[in-house]
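What follows is the residue order along each chain.
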Amino acid sequence: MFIDRAKIYIKAGDGGDGCTSFYTEKYVPNGGPDGGDGGDGGNVVIKVNDNATSLSEFRFGKHYRAENGGNGSGKNRHGKNGQDLVLYVPRGTVVRDADSNGIIADMYYSDDQVTVLRGGIGGKGNARFKSSRRQAPGFSQKGEPVKERAVVLELKTIADVGLVGLPNAGKSTLLAALTRANPKIASYPFTTLSPNLGVCYTDDFSFTVADIPGLIEGAADGAGLGHKFLRHIDRTRLIIHVVDISTYEDAIADYSTVNDELFKYNPELKNVPQIIALNKIDCAQPDNIARFRNAVSGEIYEISGATHSGLAALIRAAEKTLKTLPPPSPIEFEPFRYEEIDPNSFEICRADDGAFVLSGALIEKLARTVVLDDRDSFMYFQRRLEVGGVTKSLKKAGIKSGDLVRILDTEFTYEE
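The following refers to the structure shown.

Rules used in this analysis
Here, residues in each chain are numbered from 1, in the same order as that chain's written sequence. Reporting in this predicted model follows two pLDDT cut-offs: at least 70 for local features of residues, and 80 or more for side-chain atom pairs to be given and counted; totals over whole chains, interfaces and linings ignore these cut-offs and use all residues. To get the side-chain values, all heavy atoms of the structure are used, and hydrogens and water are removed first. Only buried Ala, Val, Leu, Ile, Met, Phe, Trp, Tyr and Cys residues count toward a nonpolar core, and they belong to the same one when joined by side-chain atoms within 4.5 Å. Here the term buried applies to any residue with accessible area under 20% of the maximum for its type, exposed to any over 50%, and partly exposed to those in between, with areas from a 1.4 Å probe on protein chains only. In this description a helix means any DSSP run of H or I spanning at least four residues, a strand means any run of E spanning at least two, and both kinds are numbered starting from the N terminus. Here a residue-residue contact requires only that any non-hydrogen atoms of the pair lie within 4.5 Å. One requirement defines pairing of two strands: DSSP has to find at least two bridges between them. Under this scheme, a helix contributes an axis fitted over its contacting stretch, all axes are lines through C-alpha atoms, and angles between N-to-C directions fall in the 0 to 180 degree range. Just so you know how the angles are binned, under 35 degrees is roughly parallel, over 145 roughly antiparallel, 65 to 115 roughly perpendicular, and the rest oblique. Basically, the charged four are Asp, Glu, Lys and Arg, the nonpolar ten are Ala, Val, Leu, Ile, Met, Phe, Trp, Tyr, Cys and Pro, and anything else, Gly included, counts as polar. What the arc describes is the spread of directions from the helix axis to the C-beta atoms. Using protein atoms alone on a 1 Å grid, points that fit a 1.4 Å probe yet trap it form a cavity, whereas open point sets bounded by protein on both sides within 12 Å along at least five of seven lines form a pocket; residues with an atom within 4 Å of a point count as lining. Grid points are joined across faces, edges and corners, and a volume is the space filled by probe spheres set on the points. Take a side-chain nitrogen of Lys or Arg and a carboxyl oxygen of Asp or Glu: if they are within 4 Å of each other, that pair is a salt bridge. Centres within 6.5 Å make a pair out of two Phe, Tyr or Trp rings, where for Trp the six-membered ring is used; the pair is then stacked when the planes are under 30 degrees apart, edge-to-face when over 60, and tilted otherwise.

We now examine the nonpolar core. Within the largest apolar cluster, 27 residues are counted, with the highest numbers of intra-cluster contacts made by I10, I46, F58 and L87. Secondary-structure elements contributing two or more residues to this core are strand 1 (5-11), strand 2 (44-48), strand 4 (85-89), strand 6 (103-107), strand 7 (113-117) and strand 8 (149-155). Aside from chain neighbours lying at most four places away, what touches I10 is V44, Y64, L87, V116, L117, K147, E148, R149 and V151. Of all hydrophobic cores here, the second largest spans 23 residues; its members include L311, L314, A317 and A318.

Let's shift gears to the environment of D287. You can see D287 is positioned in helix 4 (residues 286-295). Classification of D287 as exposed rests on a relative accessible area of 59%.

Turning to the sheet that holds strand 2, a few remarks are in order. Strand order in the open sheet made by the 3 strands is 4-2-7, with mixed pairing throughout. Edge positions in the sheet fall to strand 4 and strand 7, since each has one partner strand and no second. For this sheet, the mean inter-axis angle between neighbouring strands, taken without regard to orientation, is 25 degrees. Bridging between strand 2 and strand 7 involves 4 bridges; their strand directions are antiparallel. In the strand pairing of strand 7, V44 is matched with L117.

This brings us to the packing of helix 3 (residues 251-265) against helix 4. Their axes nearest at 9 Å, the elements helix 3 and helix 4 cross at an angle of 45 degrees. Of the possible angle classes, the one that applies to helix 3 and helix 4 is oblique. Taken together, the residues of helix 4 that come into contact with helix 3 (itself represented by A251, I252 and Y255) are R291, F292 and A295. Taken together, the residues that form the contact of helix 3 with helix 4 break down as 5 nonpolar, no polar and 1 charged.

For the rest of this paragraph, the subject is helix 4. Residues N288, I289 and F292 constitute the buried set of helix 4. Along the axis of helix 4, the buried residues cluster in a sector spanning 100 degrees; they form a single face. Turned more than 90 degrees away from the buried face of helix 4, the exposed residues are P286, D287 and N294. Residues of helix 4 that are buried make contact with strand 12 (238-244), helix 3, strand 13 (274-279) and strand 14 (299-302).

Estimated volume of the largest pocket: approximately 1200 Å³. Elements supplying a minimum of two residues to the lining of the largest pocket: strand 7 and helix 6 (361-367). Along the lines of polarity and charge, the residues of the lining of the largest pocket split into 12 nonpolar, 7 polar and 13 charged. Reported here for the second largest pocket is a volume of approximately 560 Å³.

Another aspect to go through is the environment of N271. Positionally, N271 belongs in the loop between helix 3 and strand 13. In this structure the C-alpha to C-alpha distance between N271 and L238, which are 33 residues apart in sequence, comes to 9.8 Å.

What follows is about the pattern of salt bridges. For the structure on display, the rule yields 16 salt bridges. Here D14 and K11 are joined by a salt bridge, their closest N and O atoms 2.8 Å apart. Owing to a relative accessible area of 11%, K11 belongs among the buried residues under this scheme. The residue K323 makes a salt bridge to E319 at a minimum N-O spacing of 2.9 Å. With a gap of 4 residues between them, K323 and E319 both fall in helix 5 (residues 311-324), about one helical turn apart.

Attention now goes to the packing of aromatic side chains. Following the criterion strictly, the structure yields 9 aromatic pairs and no others. A centroid spacing of 5.1 Å and a plane angle of 80 degrees characterise the contact between Y108 and Y109, whose relative ring orientation is edge-to-face. Given the relative accessible area of 3%, Y108 is considered buried. Classification of Y109 by relative accessible area gives partly exposed; the value is 37%. For the ring pair F336 and Y338, a centre distance of 5.1 Å and an interplane angle of 85 degrees mean the geometry is edge-to-face. Each member of the aromatic cluster is reached from another via a ring pair, and the members are F129, F139 and Y380.

Now the structure itself:
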């Protein structure tokens, strides 16, 4: 099944916990702390797979997680770093943050890859907290946790030429005639249920052609299949507008309907060069062709996808136009990045009961280290509050001896 849009949940690996351990050996009475650090969590990386043509592998799998970092252990053994999670997507996939709709990356080139989420940092073992005053620290640091994020993968087909038109205009037949593609061809509407790609070769030039599923009136608002697949026309440099001139009494209205839907979906498509291909001329009435040419201005070619009549002239026209256009390039955007919080930031606010509530990255980092029933750990915690400016800020906020201080789920009574 062709899937060109998927919402998934990704999570980088949490950092591993540091270890609290003391070196003990016979005849070595003062071994000291030897707890190792935890390993860093794995990153979430998105990479292009040129062989993929759809996001179908993300149809059922919704949650993807990188490996957590390993915990540290005694004898200064550090935990293993978590393995990165690599997600492969087709070329042309746009990665967006689901909440803000900000573009994280446009996977346009074959070698593109981007690290979407970075793994958590591993916690420090108790050997890292040893000092001249603290010879035997009985505490270590827990690994940094990482939040799960929701992202949207949106495939936009990359092609030089896009074939557009009403259902049964003959786009799939034309694609098969221009390229070596083998799309499904039938006489009922919406035969083409997903974009088909092919490559057209000339003597010294080649270009890719995409057959976009048929548009009907209201496609830009969700009618038919157009709303789902209109995004695939965004990247084309040239539009070949296929019009069935054989049986329609008012091909001009059909031509206008498709253009109206294109420009309603994206007004920028008015700037994309367009060639008109009057298809099925082998079955057309001369009056229909003459009426169309008198009413519509532009580059018009009479063709038959079935008999290949007029295709050589159409190919030459497409080649000539493409050679004058700038090379294809990814979309321009301001990259969205998940906020990297200052590890030394903190906030102080007053609760309804008068308590001073501490929060922020510094507080959460310290909370992963503190062991309340360990004297060394608690002294380290107080010292870090002093060095980090938290104590000074509390005094500026008007704290007095006996006031309550709340940190996460723990409460303290402040004393000078």
